[in-house]
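Observations on chain architecture
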Amino acid sequence: QELVDWAAPDLVFGSSRCLTDQRQNGFIKSFNATSGYGFISGPSITEVLGKDLYLSGHQVGAFAVGDEVSFAILLNKGKPQAFDLGPVAAPLLQQMLPQQPAFIG
């Protein structure tokens, strides 16, 4: 396998589990269609990376700035990048908001 990785790095693929396990949620913070890239922001991203996550135009699909997305983080040329964007099951914003106590009257 090491020889294949060295000889044909563009043809080497990781396990599909890297796209399904350890998914993260965040918001598309910016995207410039002309330059073909943008960034995703979120608490877990900032905690781990200390900065926003790179988003390629090849991954953005129909999503737009402000959309909450689920994604996998993979290395591309040694740098973290968002891959496999999808909708979020439970909105991150609702999870972050403090719960209101029920009114008992």
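The coordinates are above.
Below: a short report on this structure. What you see is a predicted model; the values in this text were computed from it and never measured. (Residues numbered from 1 in each chain as written. Predicted model: local features only at pLDDT ≥ 70, side-chain atom pairs only at ≥ 80, totals over all residues. Heavy atoms only, no water.)

**Regarding the pattern of salt bridges**
- Counting across every chain of the model gives 2 salt bridges.
- Close ionic contact of Asp84 with Arg23 constitutes a salt bridge, the shortest N to O distance being 2.9 Å. One end of the pair, Asp84, is in strand 5 (residues 79-87); the other, Arg23, is in the loop between helix 2 (17-20) and strand 1 (24-32), with 61 residues separating them in the sequence.
- For Asp84, a relative accessible area of 35% translates into the label partly exposed.
- Its relative accessible area of 27% is what places Arg23 among the partly exposed residues.
- The salt bridge partner of Asp52 is Lys29, with a shortest N-O separation of 2.8 Å. You can see Asp52 sitting in the loop between helix 3 (43-49) and strand 3 (53-56) and its partner Lys29 sitting in strand 1, a full 23 residues away along the chain. (Salt bridge = Lys/Arg side-chain N within 4 Å of Asp/Glu carboxyl O. Helix = DSSP H or I, 4+ residues; strand = E, 2+ residues; numbered from the N terminus. Buried < 20%, exposed > 50% of the residue type's maximum accessible area, 1.4 Å probe, protein only.)

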